[in-house]
Structure formats: C-alpha cells, structure tokens
Amino acid sequence: MHDSLPAEPLSHGLKQRHLTMLGLGGVIGAGLFVGSGAGIAVAGPGIVVSYLIAGAIAMLVMRMLGEMSSAMPASGSFSVHAERALGRWAGFSVGWLYWFLLVVVLAVEATGAAKIANGWAPGVPQWAWVLIFMVVFTGANLAAVKNFGEFEFWFAALKIFAIVTFLVLGLLAVFGVLPDTSAVGLSNLTGQGGFLPAGWSGVVSGVLAVIFAFGGLEVVTIAAAESDDPARAVGRAVRSAVWRILFFYVGSMLVIVTLLPWTSMKPGQSPYVAVLDAIGIPYAGQIMNIVVFVALLSALNANLYGSSRMVFSLAERGEAPKGLLKVSGGGVPRRAVLASVAFGFISVLLNLKWPDSVFLYMLNAVGAVLLFVWALIAVSQLRLRRRIEREAPETLSLKMWAFPYLTWAALAAMAAVLVLMLFDDSARPQVLWSAGATAAVLLVAGVRELRTRRV
C-alpha cells in the first residue's frame, strides 16, 4: 500500500503458539468465572442467548481486526488502522482511549489478585501483594517480549484446562454419569419461569452484563506485530480464537444453567464454584480461587503489554512524547512499559485509597470505552477494505464475512447496546462518563489538528 509503515524496531520474539494462546486466554478472565453470575441472575437460562449475541458482536469485531491486521500489521493495531482510514484525529483518539482503558482496568485486576492472595496469606497486607505483582510483571515485560509470551502461554493453558475440565465434569453430571449424580434432564432450563423467565428484556440485560467480558481480544492483533510472520500469525490466531471462545463461554453457561436452578445464583458469587460444589468436587471454592487468581494475573500481564505497545505506537506517529521511543537491545520499548506501569501504579493507589469515589469515576470513565473502540474498528474496516481491494488486494488473506453487511450489522448492534445502557440505571453513569472521557480526548485531537494545519 502507498502509505506503508516503516519496519517495526520491536523484537520478533513471539511464536505462533504464543499468539494462539494469547487469543484464547486474553479473553478468559474473572469476568467469565465470577461476573457471569450477575448475568445469570438477570437473564436466567436465557443467559446462553445473551452470550451468543455478545459473542457474535465480539467475533465480528475480531474478524474485522484480523482482516486489517493481516493486511497491514502494526504494533498500534486498530489505532494505526483508524489513522489510515479516518485521519490523525481518529488514530490519536482511539489509541489514547484504549491506553487509558488498559491502565485503569489493570488496577482492578491487581487489586482483585491481591485480595485473593491476602486471603491465603493474611500476614502480607494487600498493598504489598499489589507491589509484588506489579514488580514481577514489570520485570517480565522489560526483559524480553518472549518472557511476556511464555507467561501468557502458561496462564492461558491453565485457564483453558480449567474450562475444559469444567465442561467435561459438567456434561458427565448432566447425564448422571458421575458418582452420586442422576441425569438432570431439562427441568432447570424450563422450570422457574421457563427458558426466558425475564423475557427478551432479561436477555438484553444479560448482554449488557456480559459483553465487556469479551474485551481483551484486541491484544492479539497488537502482539502479532512482534512475531516472525505477522500477517500469517494474526490470521491463524484470530481464526482459532473466535470459535473456541464462543464454545468455552456458551458451553460453560449451558452446563451451569442446565445443572442448577438459575434462581440459586447470587451476583458476586462464582457460578462455577456453585456447580463444582453441587457435583461434589472437594475444595471447589479454593480450586476456582486459584483459577481466578491466574486469570487476573494473566489479564494484568496482557494489559501491561498492550498498553506499552499502544503508547509506543502513538509515539512512533508523533501522537505521544518522542522520549517513549527508546528501544532496548532486545527490542523492548522500556520507557513505554515504564510509563504504562507508572499510570497503572497511580490507578492501583487510587483504587486502594478511594475505591468508591475517585477510582469509581475513573472506572466509569472507561466503562463504555470498549464499545467506542470497537465502533471505530468497524468504521475503519468499512473505509480500508475498499482501499486495500484497490491498492493491494493480495494482502487480503483473511476477509470479513459478508462485507459490508455484517460490518454494518455489528455497528448497529453496538449502537443498540449503548442506547440500552443509557436506559439502564446501573449502566447509565458508565456511558455518560465514558462519553465525557471520549469527548475530552476528541477535543485534544481536534486542537492538535488545527495547530498542525496552521503550521
């Protein structure tokens, strides 16, 4: 393509197995293991449909991202695509919004993991655990990209093993094959108010509760730029991730609502623990605690990586301080890592000191940002697909399905979710605060554009 990017100065230490596992593991987090309970409480067995809808939107976004990233791999991924498709303001805005999202969410993950560790070793205060995790993962991310890849590979492997084991045990219990179990039939799916006890509005509420659990898929397209063959690697990682994730999410929800009455679910309590307890697995709570702990550390590691590469890419394009461009001999953007960690630390301190005020506002300010980022990905893909077909059709190794209809359908679905969030009392502050944060970033982007034009 005529506006091709310079070669990335970053290391190419990530292998295909790292990317495939990153694509699978990046999205399997505490949102699934714990947060899914809130979704079941509002939608009942209809949560399966909620996950199908939310998963379909995430799959379409991932496919669009895969198409653009395999045609033009870059460590800034969708920020670079947005800049090419819509102009500098778009690349600047989506890059900084995503970076802000990652460093704020990083605090939630660090604090969540510290709470679990504090339960195991009460003698070590929560803040000390946070410090230990941040130091360990900062060290891993500063050393070499291969270290990040290995951490994520084994973290993801453990999470996938946990979900597959859960699915196997759950299916055996459904059919009454396990000791002391009898076949449950469909009574839990059709009893207690039927399959859709709260009607379609319950399914919609379920979508609002679970769609953000799919955030994290994007990191694989950022990481692809640091593999030996980015175009091929990202295509393979996207293809394998999309279907398996849907299988893990929808499959485990189906097992949960088939085995247990949905009315027994309590928000904040892991439905996975409830199922394992019900089928007589000893120490179920502790086993899931370990899995959730690993999921949180894995997400923390991936967010640290993703945020550092995003801010590095912004610096490359003159949208962030040039000082962040320094790369170590091993190809690691150390200053970008440290800048992201520094903001991560500030977020953690705010979370520990003012979890219900200052930090809550920050969390609300990124609450709906993921949807804004996804919407910009879709708009970028609409614009770039035509250009790639004209200028470099041979790079289209992974194509969006049913273009442009499914891209428009995904955009319409995201708009619908945002509108529904505005009418939901608990979700409204997130949309309003996120819209405010987005408007602030757009304002800065606009001022910079005007300055550039005057020069």
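Reading guide: rules and limits
Residues numbered from 1 in each chain as written. Predicted model: local features only at pLDDT ≥ 70, side-chain atom pairs only at ≥ 80, totals over all residues. Heavy atoms only, no water. Helix = DSSP H or I, 4+ residues; strand = E, 2+ residues; numbered from the N terminus. Rg over C-alpha atoms; globule rule 2.2 N^0.38 Å. Buried < 20%, exposed > 50% of the residue type's maximum accessible area, 1.4 Å probe, protein only. Contact = heavy atoms within 4.5 Å. Salt bridge = Lys/Arg side-chain N within 4 Å of Asp/Glu carboxyl O. Phe/Tyr/Trp six-rings, centres within 6.5 Å; stacked < 30°, edge-to-face > 60°.

**Quick word on the overall build of the chain**
Thought 1: If you tally the helices and strands in the chain, you get 19 helices and zero strands.
Thought 2: Its C-alpha atoms give the chain a radius of gyration of 22 Å, within 12% of the compact-globule value 23 Å for 455 residues.
Thought 3: On the principal axes, the C-alpha backbone points of the chain span a range of 75 × 55 × 40 Å.
Thought 4: A buried classification covers 56% of the 455 residues belonging to the chain.
Thought 5: When contacts within the chain are restricted to residue pairs at least 6 apart in sequence, those whose partners lie at least 24 apart make up 81%.

**Things to note about the pattern of salt bridges**
Thought 1: With the rule as written, the count across this model stands at nine salt bridges.
Thought 2: With a shortest N-O distance of 2.9 Å, Asp-425 and Arg-428 are connected by a salt bridge.
Thought 3: Under the relative-accessibility criterion, Asp-425 is labelled exposed at 59%.
Thought 4: Glu-449 serves as the salt-bridge partner of Arg-453, at 3.6 Å between the closest nitrogen and oxygen.

**Topic: the packing of aromatic side chains**
Thought 1: Across all of its chains, the model carries 18 aromatic pairs by this definition.
Thought 2: For the pair Tyr-51 and Tyr-249, a centre-to-centre distance of 5.5 Å together with 55° between the ring planes defines the contact as tilted. You can see Tyr-51 sitting in helix H4 (residues 47-71) and its partner Tyr-249 sitting in helix H12 (residues 230-259), a full 198 residues away along the chain.
Thought 3: Classification of Tyr-249 as buried rests on a relative accessible area of 0%.
Thought 4: A centroid spacing of 4.6 Å and a plane angle of 25° characterise the contact between Phe-214 and Tyr-249, whose relative ring orientation is stacked. Residue Phe-214 is found in the loop between helix H10 (199-210) and helix H11 (219-223), and its partner Tyr-249 is found in helix H12; the two are separated by 35 residues along the sequence.

By themselves these figures say nothing about function.
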